[in-house]
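Per-entry structural report
What follows is each chain in one-letter form.
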Amino acid sequence: MVTYMTNIRRDVFQAIADPNRRAILSLLANQRLTLNGVADNFRISRPAVSRHIKILKECGLVVVIPQGRERYCEVRFDRLAEVTDWVEQYRQMWEQRFDRLDQVLLELQKKEQQNVRKK
Amino acid sequence: MSAKNKITITAEPGKQDLFVTREFDAPRELVFKAHTDPKLYAQWLGPRGYEMVLETFEPVDGGKYRYIHKDPQGNEYGFHGTFHAMSLESMVQTFEFEGYPGHVSLDSMTLEELPNNRTKITVHSVFQSVSDRDGMIQNGMEKGMSEGYERLDEIFAQTNS
């Protein structure tokens, strides 16, 4: 459980932690592009774009497919499901907890009304 | 009852905090009471299918709390922390899962009065690091907890119908 703390994080959360990487992902969502094609859309340097693509590759969100002389970057969005699952799980925990709080509050209000009537 | 109040979770990627907000069809005094009365608190906080033991509960500034969730297999999950400012408007406390010692979050809850005797709760949790935040929520125990909650919801639904 603690091991991920000491390893270099290479998971989806690491991938989307950086705004440039998020921008690269949304760019690639609509089209496959070469590294140069990606870099043309950004002000940051080509090596910087290349570094981000490398991290996205290591996180499993981007694959690079050689085609002729070119190498195309493609998004693998299924990995992003890990993010929605993560928030979804947490949302459910709170939702169920608060649904129960609703019931407790409902009971309290009923009791209060009964007390008022008694008086 | 009116349409179900929706919960909103805001957890931006790469940050070490998150927000949980939800509205309740009850006045603020009652929402506060449900958070500070040990009997009421134990009724809604623990996961379903688990025994909820509120071992220590001192909801005042400087007070402590510790509770244990026991599953049917006899596994125990302990949580503890310290209360800070506690008022109708806001409740501040630290939170630590004993299975993950040394990783403490700071939870600030604000209770906002809304018209028609309604209340909005906002929980702001700040973790020590991004991976603490993500790790806490990813860990399997939470998953088990949410499964537990679902079962209790069913029980509630049956007793209310």
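Provided above is the structure to which this section pertains.
The text that follows walks through the structure, step by step, so that each part is easy to find. Please read all numbers here as calculations on a predicted model, not as lab measurements.

Scoring rules and cut-offs
Residues numbered from 1 in each chain as written. Chains lettered and ligands numbered in written order. Predicted model: local features only at pLDDT ≥ 70, side-chain atom pairs only at ≥ 80, totals over all residues. Heavy atoms only, no water. Helix = DSSP H or I, 4+ residues; strand = E, 2+ residues; numbered from the N terminus. Buried < 20%, exposed > 50% of the residue type's maximum accessible area, 1.4 Å probe, protein only. Contact = heavy atoms within 4.5 Å. Areas by Shrake-Rupley, 256 points an atom, 1.4 Å probe, with all protein chains shown as cover. Axes fitted to C-alpha atoms, helices over the stretch in contact; angles between N-to-C directions. Parallel < 35°, antiparallel > 145°, perpendicular 65-115°, else oblique. Nonpolar A, V, L, I, M, F, W, Y, C, P; charged D, E, K, R; others polar. Salt bridge = Lys/Arg side-chain N within 4 Å of Asp/Glu carboxyl O. Phe/Tyr/Trp six-rings, centres within 6.5 Å; stacked < 30°, edge-to-face > 60°. Core = buried A, V, L, I, M, F, W, Y, C linked by side-chain atoms within 4.5 Å. Pairing = 2+ DSSP bridges.

1. Observations regarding the overall build of chain B
Along the backbone of chain B there are four helices and eight strands. The proportion of buried residues among the 161 residues of chain B is 47%. Intrachain contacts of chain B at a sequence separation of at least 6 include 40% that bridge at least 24 residues. Accessible area for chain B stands at about 7800 Å²; split by element, carbon and sulfur atoms hold 51% of it.

2. Some thoughts on the packing of helix 1 (residues 28-36) of chain B against helix 2 (residues 38-45) of chain B
Residues and elements named next belong to chain B. One can describe the packing of helix 1 onto helix 2 by two numbers: an axis separation of 5 Å at closest approach and a directional angle of 85°. Considered as vectors, helix 1 and helix 2 are oriented roughly perpendicular to each other. Contacts between helix 1 and helix 2 pair Lys 33, Ala 34, His 35 and Thr 36 from the former with Pro 38, Leu 40, Tyr 41 and Trp 44 from the latter. Residue composition of the contact of helix 1 with helix 2, grouped by class: five nonpolar, two polar and one charged.

3. Topic: the pattern of salt bridges
On inspection of all chains with the given rule, the structure shows 16 salt bridges over all chains. Between Lys110(A) and Glu107(A) there is a salt bridge, and its shortest N-O distance comes to 3.8 Å. With a gap of three residues between them, Lys110(A) and Glu107(A) both fall in helix 6 (residues 81-118), about one helical turn apart. Here Arg118(B) and Asp25(B) are joined by a salt bridge, their closest N and O atoms 2.8 Å apart. Here the residue Arg118(B) occupies a position in strand 8 (residues 118-126), and Asp25(B) occupies one in the loop between strand 2 (17-24) and helix 1, the gap between them amounting to 93 residues. Here the residues in one salt-bridge network are Arg32(A), Glu74(A) and Arg76(A), joined through shared partners.

4. A look at the packing of aromatic side chains
Aromatic ring pairs: the centre-centre distance and the angle between the two ring planes describe each pair. Residue and element names in this part refer to chain B. The final tally for this structure, using the stated rule, is 13 aromatic pairs over all chains. Taking 5.8 Å as the distance between ring centres and 85° as the angle between the ring planes, the aromatic pair formed by Phe 57 and Phe 83 counts as edge-to-face. Of this pair, Phe 57 sits in strand 3 (residues 51-57) while Phe 83 is found in strand 5 (residues 76-86), placing the two residues 26 residues apart along the sequence. Accessibility classification places Phe 57 together with Phe 83 in one group, the buried group. Ring geometry for Tyr 77 against Phe 97: centres 6.5 Å apart, planes inclined by 35°, an arrangement best described as tilted. Note that Tyr 77 is positioned in strand 5 and Phe 97 in strand 6 (residues 90-97), a separation of 20 residues in sequence.

5. Details of the environment of Gly14(B)
Among the secondary structure elements, Gly14(B) is positioned in the loop between strand 1 (8-10) and strand 2. On the accessibility criterion, Gly14(B) (32% relative accessible area) is partly exposed. Residues Gly14(B) and Ser129(B), 115 residues apart in the sequence, show an inter-C-alpha distance of 9.3 Å. With near-sequence residues (within four places) excluded, Gly14(B) lies in contact with Ala17(A), Val130(B) and Arg133(B).

6. Considering the nonpolar core
By size, the foremost hydrophobic cluster in this structure holds 40 residues, and its most contacted members are Trp94(A), Phe98(A), Leu105(A), Val20(B) and Ile121(B). For this core, the element with the most residues is helix 6 of chain A, which contributes eight residues. Residue contacts for Ile121(B): discarding those within four places in its chain leaves Phe98(A), Leu101(A), Val20(B), Thr21(B), Arg22(B), Phe24(B), Val31(B), His35(B), Met109(B), Thr110(B) and Leu111(B). Leu25(A), Leu56(A), Leu61(A) and Cys73(A) belong to the second-largest nonpolar core, a separate cluster that totals 20 residues.

7. A closer look at the sheet that holds strand 1 (residues 33-34) of chain A
Strand pairing within a sheet occurs via backbone hydrogen bonds; the two strands may be parallel or antiparallel. All names here are of chain A. Here three strands make up an open sheet; going across it, the order is 1-3-2 and the pairing antiparallel. Of all strands in the sheet, those with a lone pairing partner are strand 1 and strand 2 (62-67), marking the two edges. Judged from the two bridges that link them, strand 1 and strand 3 (residues 70-75) form a sheet pairing that is antiparallel. By the bridge assignment for strand 3, Leu 33 is matched with Cys 73. The strands touched by helix 3 (residues 19-30) within the sheet are strand 1, strand 2 and strand 3, with strand 3 carrying the most contacts at an inclination of about 100°. Packed onto the sheet, helix 5 (residues 46-58) meets strand 2 and strand 3 and runs at close to 110° relative to strand 2.

8. Side note on the pairing of strand 8 of chain B
Residues and elements named next belong to chain B. Here strand 2 pairs with strand 8 via eight bridges, running antiparallel. Among the inter-strand pairings, Arg 22 is bridged to a residue of strand 8, identified as Ile 121. Alignment of strand 7 (residues 104-114) against strand 8, held across nine bridges, turns out to be antiparallel. Residue pairing across strands places Leu 106 opposite Val 126, the latter belonging to strand 8. Connecting the antiparallel pair strand 7 and strand 8 is a turn made up of three residues, with Asn 116 showing a positive phi of about 60°.

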